[in-house]
Amino acid sequence: MLPDRRLNACRPDLADISLKGEVAADRFVTGKAGHVTAAVAALRPVPDPASGIDTQLLLGEDLTIFETTGGWAWVKAASDGYVGYLPEEAIAPGRSPATHVVAVPRTFLYPAADLRTPHCLVLSMGSRITVTGEAETRGTRYLLLAGGAAIMASHCLPLGQWPSDDPVLVASRFLETPYLWGGRSGFGIDCSGLVQLSHQMTGRQAPRDSDMQRDGFGAEISRDSLRRGDLVFWKGHVGMMEDQDTLLHASGHSMSVTREDFRQALARIGYLYGPPTLCRRPIS
């Protein structure tokens, strides 16, 4: 579970940046539109590369830039309102001109429409790209980006289309992805990041952190009524039910996205953190 960074569009005193909700502001800042240009950009609570990661933003995601100084930008993510610091080099001004979204857990970007060329970047599911054309090489279809870079056409979808309407199916595609505190990509992901990204890739918005998801994402239900897609919350953790007997989650115990017998998970997690605090059904 991460601190709630969804602050108002004001410049708070930096000492108060980890507080929940609205905080006192010295001055009002309107902000400027921007978007992410790095494959994965770590959003941090302070402008220091040695600090912890609160969450991550992906290529092509929009944000608002409030301030830039010393090579860092203080920004707010458009998707979930998270606020923090990104390196200036990881962002560009203006809204993203993206036309497509990466719809597989991970994929390569090539300098040309040929999978035999050395790849130049690796992208995560949820990354947004701007397609300018198409090409075919030896029967494989590619989408072309500005500058000539190419990506597998079968790994992408036009914006507004999604790989599935079932977040559990999306989440299962991340099995064995490493656990990463603050992670929100196919390269490393945490428990609430898995829930958020899996729902995002069905066209639904979910809060970023497990406490936000626990406090307002869907309807509260009883544990004995759990079914596929329901969320189970512990102190600082969330998992998704694959079926009545199986929990799918990004686990700090296995350090990966894993499926686990629900009864065994209850016993193992309960030993340290107690029983589940709440269950929710995000999709009726």
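Please refer to the structure placed before this passage.
Residues numbered from 1 in each chain as written. Predicted model: local features only at pLDDT ≥ 70, side-chain atom pairs only at ≥ 80, totals over all residues. Heavy atoms only, no water.

### Quick look at a nonpolar patch on the surface
Stage number 1. There is a patch of nonpolar side chains on the surface, built from Tyr-271, Leu-272 and Tyr-273 and spanning about 450 Å² of accessible area.
Stage number 2. With respect to the helices and strands, the residue Leu-272 is situated in helix H4 (residues 262-273). (Patch = residues over 30% accessible without salt bridge, like charges linked within 9 Å, V, L, I, M, F, W, Y side chains within 5 Å. Areas by Shrake-Rupley, 256 points an atom, 1.4 Å probe, with all protein chains shown as cover. Salt bridge = Lys/Arg side-chain N within 4 Å of Asp/Glu carboxyl O. Helix = DSSP H or I, 4+ residues; strand = E, 2+ residues; numbered from the N terminus.)

### Observations regarding helix H2 (residues 191-200)
For the α-helix, the turn length of 3.6 residues means that residues three or four positions removed from each other point alike.
Stage number 1. Most of H2 is tucked away: 10 of the 10 residues are buried.
Stage number 2. Within H2, the full set of buried residues consists of Cys-191, Ser-192, Gly-193, Leu-194, Val-195, Gln-196, Leu-197, Ser-198, His-199 and Gln-200. (Buried < 20%, exposed > 50% of the residue type's maximum accessible area, 1.4 Å probe, protein only.)

### Some thoughts on the environment of Glu-176
Stage number 1. With respect to the helices, strands and loops of the structure, Glu-176 is situated in the loop between helix H1 (167-172) and strand E18 (184-185).
Stage number 2. Through-space distance from the C-alpha of Glu-176 to that of Ser-256 is 5.1 Å; in sequence the pair is 80 residues apart.
Stage number 3. Those residues in contact with Glu-176 that sit more than four places away from it in its chain are Ser-256 and Val-257. (Contact = heavy atoms within 4.5 Å.)

### A look at the layout of surface pockets
Stage number 1. Quantified by volume, the largest pocket comes out at close to 350 Å³.
Stage number 2. Surrounding the largest pocket, 17 residues form its lining, His-237, Gly-252, His-253, Arg-268 and Tyr-273 being those nearest its centre.
Stage number 3. Secondary-structure elements contributing two or more residues to the lining of the largest pocket are strand E23 (246-251) and H4.
Stage number 4. Of the residues forming the lining of the largest pocket, the biggest block, four residues, is contributed by H4.
Stage number 5. Of the residues assigned to the lining of the largest pocket, the class counts are nine nonpolar, six polar and two charged.
Stage number 6. In this model, the second largest pocket occupies a volume close to 150 Å³.
Stage number 7. Of the residues that constitute the lining of the second largest pocket, the class distribution is five nonpolar, five polar and one charged. (1 Å grid on protein atoms, 1.4 Å probe; cavity = no way out; pocket = protein on both sides within 12 Å on 5 of 7 lines; lining within 4 Å. Points joined across faces, edges and corners; volume = space filled by probe spheres on them. Nonpolar A, V, L, I, M, F, W, Y, C, P; charged D, E, K, R; others polar.)

### Observations regarding H4
Stage number 1. Taking 1.5 Å as the rise per residue, H4 with 12 residues should run 16 Å; its terminal C-alpha atoms sit 15 Å apart, in good agreement.
Stage number 2. Contact partners of the buried residues in H4: strand E21 (231-234), strand E22 (237-243), E23 and strand E24 (256-261).
Stage number 3. Between a side-chain oxygen at the N-terminus of H4 and the backbone nitrogen of Arg-263 the separation is 3.1 Å; the capping residue is Asp-261.
Stage number 4. In the stretch just after H4, Gly-274 is the one whose phi turns positive, near 85°. (Expected span 1.5 Å × (residues − 1). Polar contact = N/O pair within 3.5 Å; in protein donor to acceptor, adjacent residues only side chain to side chain.)

### Concerning the pairing of E21
Stage number 1. Judged by which residues are buried, E21 turns out to be covered on both faces: Leu-231 and Phe-233 on one side and Val-232 and Trp-234 on the other are all buried.
Stage number 2. Adjacent in sequence and paired antiparallel, E21 and E22 are bridged by two residues, among which Gly-236 carries a positive phi angle near 80°.
Stage number 3. Looking at chain direction, E21 and strand E25 (residues 278-281) are connected through three bridges and run antiparallel. In the strand pairing of E25, Val-232 is matched with Cys-279. (Pairing = 2+ DSSP bridges.)

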